[in-house]
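# Working through the structure, step by step
In case you want the letters, here they are:
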Amino acid sequence: MKHLLLTTIAAVVLVGSGENCDEVKHDNWGTITSQQAEFYAARDVPRSQIDLTKKWYEIASNAWGNYGPLEFWIVGTNEISATTLDKKYCELRNQKDKTISIEHCLNRDHNFVSYAKGGNAGLNTRRNENEKWSGFIITMSAKFPSPQEEDYKPVVLHEYFHVYQHAHIYSKKNSERKSRNLENPWWSEGGAEYMAQLLYSKQNGVRPNYLREIMERKLRALKDLRDGESIKDIAYGKRSHIAYDLGAWFIAFIINKTSEEAYRVNFFKDLNAKGFEGAFVKNFGASSNDFLDEFHKIFLKLSLKDKVKIIP
Ligand SMILES: [Zn+2]
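All values derive from a computational prediction rather than experimental measurement.

### Topic: the coordination of the zinc ion
- Only His158 (NE2), His162 (NE2) and Glu189 (OE) from the protein reach the zinc ion as donors, at distances of 2.0 to 2.1 Å.
- Each donor residue of the zinc ion lies on the same chain, and together they follow the pattern H-x3-H-x26-E. Of this pair, His158 sits in helix α7 (residues 152-167) while Glu189 sits in helix α9 (residues 185-201), and the two are 31 residues apart along the sequence.
- A relative accessible area of 0% means that Glu189 is categorised as buried.

Written as structure tokens, this is what we have:
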């Protein structure tokens, strides 16, 4: 779930040419906008699911700022409806950027039919040297999670936090974007997951114990972490759940040692100019390796009772 962005960027950015700095400086990337997200849905998606997705997008953008351009594409389970939505999607891609061929778009790997079959949610960040249109595309579906599950709501927040993360990296160069968002999932997924769950836990009607419950569940990943292994070395793939779950704990750990503002606001403000490590040291007061060392060697060894003390 939720890790499509890196593979998509890698697939899209095949050829690098000189970046036009003026173009990057003068477009509106990373600027808070009043332009609302666009919503598109397959024919079999109920109105209530579109409204639910909109509601949680609004909660996220009110909390973290409204970034864009952003499109939501909501897929149901009917494959014919998903195919029709795919056509609409590719026509829109071509309309927003004439260099994108409709046929090439229709033949992409992870199309809406695969979402209709397998479910899931994902973000596709489009910002590279080869395409004229930069923006964010979030896909939601009918399962994993389904709109009936509570998890659907924090998943919308999670995907939107990825929008927030990527909105703070301006470059169109894949290497520069990757060096700031990092290649392995612990940092970006841990951040999206913890911020989503934290924001969700603060909403009216959410049970008071929610965040602790969710975070305790994430500790089950500890049994899959190998002796001496660091979460930062775990790649996307079969074992990425460890990086998602313990990565979320790592963000909680940082916020507990500093503040939510240091992570959510100030780190991201500095990220583009200072890079990952520069922004990390400036805002958290030590290197990422020092933090990771303490996290693995001390914090993760604490009792459950002591660990959950850092969860608000
Ligand atoms: Zn994610």
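### Details of unusual backbone geometry
- Pro69 follows Gly68 through a cis peptide bond whose omega is -5°.
- If you trace the backbone, Pro69 turns up in the loop between α3 (47-64) and β2 (70-74).
- One non-glycine residue with positive phi stands out, namely Asn120, at about 100°.
- For Asn120, the location among the structural elements is in the loop between α6 (112-118) and β3 (122-126).
- The backbone of Phe144 shows a phi angle near 50°, a positive value even though the residue is not glycine.
- As for its position among the elements, Phe144 is in the loop between β4 (135-140) and α7.
- We classify Phe144 as exposed; its relative accessible area is 56%.

### Overview of the sheet that holds strand β1 (residues 38-41)
- The strand order across the open sheet formed by four strands is β1-β2-β4-β3, and the pairing between neighbours is mixed. Single-partner strands in this sheet number two, and they are β1 and β3. Here the average twist between neighbouring strands, direction ignored, is 20°.
- α3 rests against β1, β2 and β4 of the sheet, and its axis sits at about 150° to β2.
- Its contacts with the sheet put helix α4 (residues 79-96) on β1, β2, β3 and β4, and the angle it makes with β2 is roughly 165°.

### What about the environment of Tyr170?
- Along the polypeptide, Tyr170 turns up in the loop between α7 and α8 (174-181).
- Taking the C-alpha atoms as reference points, Tyr170 and Leu246, 76 residues apart in sequence, are found 28 Å from one another.

### Things to note about the packing of aromatic side chains
- Under the defined criterion, the tally for this structure stands at 43 aromatic pairs.
- Centroid distance Trp64 to Tyr160: 6.4 Å. Interplanar angle 15°. Geometry classified as stacked. Here Tyr160 lies in helix α7 and Trp64 lies in helix α3, a separation of 96 residues in the sequence.
- In this structure Trp64 comes out as buried when scored by relative accessible area, which is 6%.
- A cation over a ring is seen here: Arg93 above Tyr89, with NZ or CZ 5.0 Å from the ring centre.
- In this structure, Arg93 packs its charged tip against the face of Trp133, placed 4.6 Å from the ring centre.

### Overview of the state of the cysteines
- According to the stated counting rule, one finds one disulfide in the structure shown.
- Covalent S-S linkage joins Cys90 and Cys105, the inter-sulfur distance amounting to 2.1 Å. Looking down the S-S bond of the Cys90 and Cys105 bridge, the torsion is -80°, so its handedness is left-handed. Residue Cys90 is found in helix α4, and its partner Cys105 is found in helix α5 (residues 102-106); the two are separated by 15 residues along the sequence.

### Looking at the environment of Ala142
- Along the chain, Ala142 falls in the loop between β4 and α7.
- As for Ala142 and Arg220, which are separated by 78 residues in sequence, their C-alpha atoms are 27 Å apart.
- Excluding anything up to four places from it in sequence, Ala142 contacts Val75, Gly76, Thr77 and Pro147.

How each quantity is defined
Residues numbered from 1 in each chain as written. Predicted model: local features only at pLDDT ≥ 70, side-chain atom pairs only at ≥ 80, totals over all residues. Heavy atoms only, no water. Donors = N, O, S within 2.8 Å, 3.2 Å for Na, K, Ca; no water. Helix = DSSP H or I, 4+ residues; strand = E, 2+ residues; numbered from the N terminus. Buried < 20%, exposed > 50% of the residue type's maximum accessible area, 1.4 Å probe, protein only. Pairing = 2+ DSSP bridges. Axes fitted to C-alpha atoms, helices over the stretch in contact; angles between N-to-C directions. Contact = heavy atoms within 4.5 Å. Phe/Tyr/Trp six-rings, centres within 6.5 Å; stacked < 30°, edge-to-face > 60°. Lys NZ or Arg CZ within 6 Å of the ring centre and 35° of its normal. Disulfide = S-S within 2.5 Å.

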